[in-house]
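Given next are the chains, with one letter for each unit.
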Amino acid sequence: MTNPTETTAASPVHRSSFSKGALRLLDLGHLSAVDLHRAYLGLAEAQGESDPPLLILASAEDHLSVGAAQGVGAELDREACVAAGVPVVQRPLGGGTVWVDRRHLNYFLVLPRQTGIRRPAEAMARFAPILCAWHRSFGLDVRLVGDQDFWLDRQKLGGTGAASIGCSLVLGGSLLLDGDWGGFVRCIAAPSADYRVALRRILEESLGSWARHLPRLPAREALGAALREALAAAGWDPQVEDAPRAREVQAMAQAELEAADWQQPGRRRVAHGIKIKNGSFLTERHWPDGSFLRVWTEAGRYRRVWCSAWSQDGAWAMAGLERQAALQFLEHSLDREDARLWQARLEATAVWAED
């Protein structure tokens, strides 16, 4: 396969840090799927406007976390989730469907109003250098791509989502320490079994983990120490706390998550497929005549195209082509009527950016 030249530039990151001051740092240990999302929701709701920022760490059992605005039934296969025993939580944060592996370390930054940070992009621009420094403490030279993702070379090593909760802005993400994508692939709503096979291979190629790049994973204590160093270097004074305060414990227990409504009508976040990482999508469509088209796009090019209308050699020949060049390839490879048909279908199937 021809690897296209990466055209997605790293997003500019403001090097100025947050204002100096205290920041509470709280490690909640290992939680259930529901308790993970109740934790940051309740903690955010318990903060006052003048409270200091709070950074929460926690791991959790394997589960699927669906973005606040997503239709669960449109994104996931309910029967597969039940059969696999995978919990599904509709989180209050934005973003797409996320596989939360028990080996990930999740973080949630709670920014009360007094910080002056109102927008997710601003929070990311200022917090991204700290997250990058945290990775680099262990030799992982990540960079911010597309305002949400952290990449090591061409592999995504983490993503983020955000929302306003109470009087705070909450930014959440994960360190992909280890894990696999089997549970996600089994449970995603898929148009065919072959789509699942292709999806797993693409995820393994496109999304990395610390375990792939390090001879040994750092212990939780070492991760915490490196985070404190990165925060201090950015001007924060991290205050480690052993447990939430009494009012926060109560707020966590009372936090109400939106129930996953499988019957709620809704369209997929990415029509006919899913987002793999920033600028990369896998989509598939079928037509009544039995024909199909499966498309993997990345960085403005076709990474791979599978189609019932032409040979595998033709599919490989399209790998690496830009959008217009692919349409011209079909024009020269098929007769006029078929070329027009498949050009239209290719344009209707391929996704280049989120709406």
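Bear in mind the structure is a predicted one, so any value in this text is a computation, not a measurement.

Draft legend 1. The arrangement of the side chain of Ser291 in detail. Along the chain, the position of Ser291 falls in the loop between strand S13 (280–286) and strand S14 (292–298). Side chain to side chain, Ser291 and Arg345 meet in a polar contact 2.8 Å long. In this view, Ser291 contacts Arg285, His286, Ser308, Trp342 and Arg345; residues no more than four positions away in its chain are not counted.

Draft legend 2. Representation of helix H6 (residues 193–206) in the model. For H6, with 14 residues, the first-to-last C-alpha span of 20 Å sits near the 20 Å given by 1.5 Å per residue. Listed in full, the buried residues belonging to H6 are Tyr195, Arg196, Ala198, Leu199, Ile202, Leu203 and Ser206. For H6, the angular spread of the buried residues around the axis is 165°, confining them to a single face. For H6, exposure combined with an orientation more than 90 degrees from the buried face picks out Ala193, Asp194 and Arg201. Along its buried surface, H6 packs onto strand S9 (155–165), helix H5 (182–187), strand S12 (273–277), S13, S14 and strand S15 (301–307).

Draft legend 3. A look at the sheet that holds strand S5 (residues 98–100). Strand order in the open sheet made by the three strands is S4-S3-S5, with mixed pairing throughout. In this open sheet, the two strands that pair with only one neighbour each are strand S4 (88–90) and S5. Taking the axes of each pair of neighbouring strands and ignoring which way they run, one obtains an average angle of 30° across the sheet. Of the pairings in the sheet, the one linking strand S3 (residues 63–66) to S4 comprises three bridges and is parallel in character. Its bridge partner lying in S4, Leu64 is registered against Val88. Lying on the sheet, helix H1 (residues 33–46) is in contact with S3, S4 and S5; it crosses S3 at an angle near 40°.

Draft legend 4. Inspection of the pattern of salt bridges at higher detail. For the structure on display, the rule yields 25 salt bridges. The shortest N-O distance in the salt bridge between Arg268 and Glu75 comes to 3.9 Å. Here Arg268 is found in the loop between helix H9 (246–254) and S12, whereas its partner Glu75 is found in helix H2 (residues 72–75), with 193 residues between them in sequence. For Arg268, a relative accessible area of 15% translates into the label buried. Judged by its relative accessible area of 3%, Glu75 is buried. Its salt-bridge partner being Glu122, residue Arg126 comes within 3.4 Å of it at the nearest N-O pair. Taken as a pair, Arg126 and Glu122 lie in helix H4 (residues 120–136) at a separation of four residues, close to a single helical turn. For Arg126, a relative accessible area of 26% corresponds to the partly exposed category.

Draft legend 5. Molecular detail of the pairing of S12. When you tally the buried positions in S12, you get four out of five residues, the bulk of the element. Here S12 runs beside S13; their pairing, made up of four bridges, is antiparallel. When the bridges of S13 are listed, Ile274 appears paired with Leu282. The antiparallel pairing of S12 with S13 creates a hairpin that spans two residues between the two strands, and Gly279 there sits at a positive phi of about 75°.

Draft legend 6. Region of interest: the sheet that holds strand S1 (residues 21–31). One open sheet accounts for eight strands, arranged S7-S8-S9-S10-S6-S2-S1-S11; its pairing is mixed. Unpaired on one side and paired on the other, strand S7 (143–145) and strand S11 (236–241) mark the two borders of the sheet. Across the sheet, the mean angle separating the axes of adjacent strands is 25° when strand polarity is ignored. The pairing of S7 with strand S8 (residues 149–152) spans three bridges and is classified as antiparallel.

Draft legend 7. Quick look at the packing of H1 against H9. Between H1 and H9, whose axes approach to 7 Å, the crossing angle comes to 130°. One element, H1, and the other, H9, form an angle in the oblique class. Handedness of the H1/H9 crossing: right-handed. Between H1 and H9, the contacting residues are Arg38, Ala39, Gly42, Leu43 and Ala46 on the first element and Arg247, Glu248, Ala251 and Met252 on the second. Of the residues assigned to the contact of H1 with H9, the class counts are five nonpolar, one polar and three charged.

Draft legend 8. Looking closely at the confidence of the model for the protein chain. Across the protein chain, the average pLDDT comes to 91, with 94% of residues at 70 or higher. Ignoring residues within four places in sequence, the model shows residues 1–18, a span with pLDDT below 50, making 46 contacts including any to other chains.

Draft legend 9. Focus on the nonpolar core. Formed by 38 residues in total, the largest nonpolar core has its most connected members in Leu55, Tyr107, Phe127, Trp134, Phe150 and Trp210. When contributions to this core are tallied by element, the ones reaching two or more residues are S1, strand S2 (54–60), strand S6 (105–112), H4, S8, S9, strand S10 (168–175) and helix H8 (220–233). By size, the runner-up hydrophobic cluster in this structure holds 26 residues, among which are Ala198, Ile202, Ile276 and Leu282.

Thresholds, definitions, all that
- Here the residue index of a chain counts from 1 through its sequence in written order.
- Selection of residues for local features in this predicted model requires a pLDDT of at least 70, selection of side-chain atom pairs for listing and counting requires 80 or more, and totals for whole chains, interfaces and linings are taken over all residues.
- Side-chain metrics in this entry use all non-hydrogen atoms of the structure; hydrogen atoms and water are not considered.
- Every helix listed is a DSSP run of H or I at least four residues long, and every strand listed is a run of E at least two residues long, numbered separately from the N terminus.
- In protein, a polar contact requires one atom able to donate a hydrogen and another able to accept it; more generally it is a pair of N or O atoms within 3.5 Å, and residues adjacent in sequence count only if both atoms are side-chain atoms.
- When checking whether two residues touch, look at their non-hydrogen atoms; a contact exists if any pair is within 4.5 Å.
- By this rule the span expected of a helix is its residue count minus one, scaled by 1.5 Å.
- Relative accessibility thresholds used throughout: buried, under 20% of the residue-type maximum; exposed, over 50%; partly exposed, between the two (1.4 Å probe, protein chains only).
- To be clear, the arc concerns the directions from the helix axis to the C-beta atoms.
- Pairs of strands are assigned from DSSP output, requiring at least two bridges between the strands.
- Where helices are involved, their axes are fitted lines through C-alpha atoms of the stretch in contact, as for all axes, and angles between N-to-C directions lie from 0 to 180°.
- For this analysis, a salt bridge means a side-chain nitrogen from Lys or Arg found within 4 Å of a carboxyl oxygen belonging to Asp or Glu.
- In these notes the angle categories are as follows: under 35 degrees is roughly parallel, over 145 is roughly antiparallel, 65 to 115 is roughly perpendicular, and the rest is oblique.
- We call a crossing left-handed when the near helix sits turned anticlockwise from the far one by less than a right angle, and right-handed when that turn is clockwise.
- Polarity classes work like this: nonpolar for Ala, Val, Leu, Ile, Met, Phe, Trp, Tyr, Cys and Pro, charged for Asp, Glu, Lys and Arg, and polar for all others, with Gly in that last group.
- The predictor attaches a confidence to each residue, and that confidence, scored 0 to 100, is pLDDT.
- Working definition of a nonpolar core: buried Ala, Val, Leu, Ile, Met, Phe, Trp, Tyr and Cys residues. They are joined through side-chain atoms within 4.5 Å.

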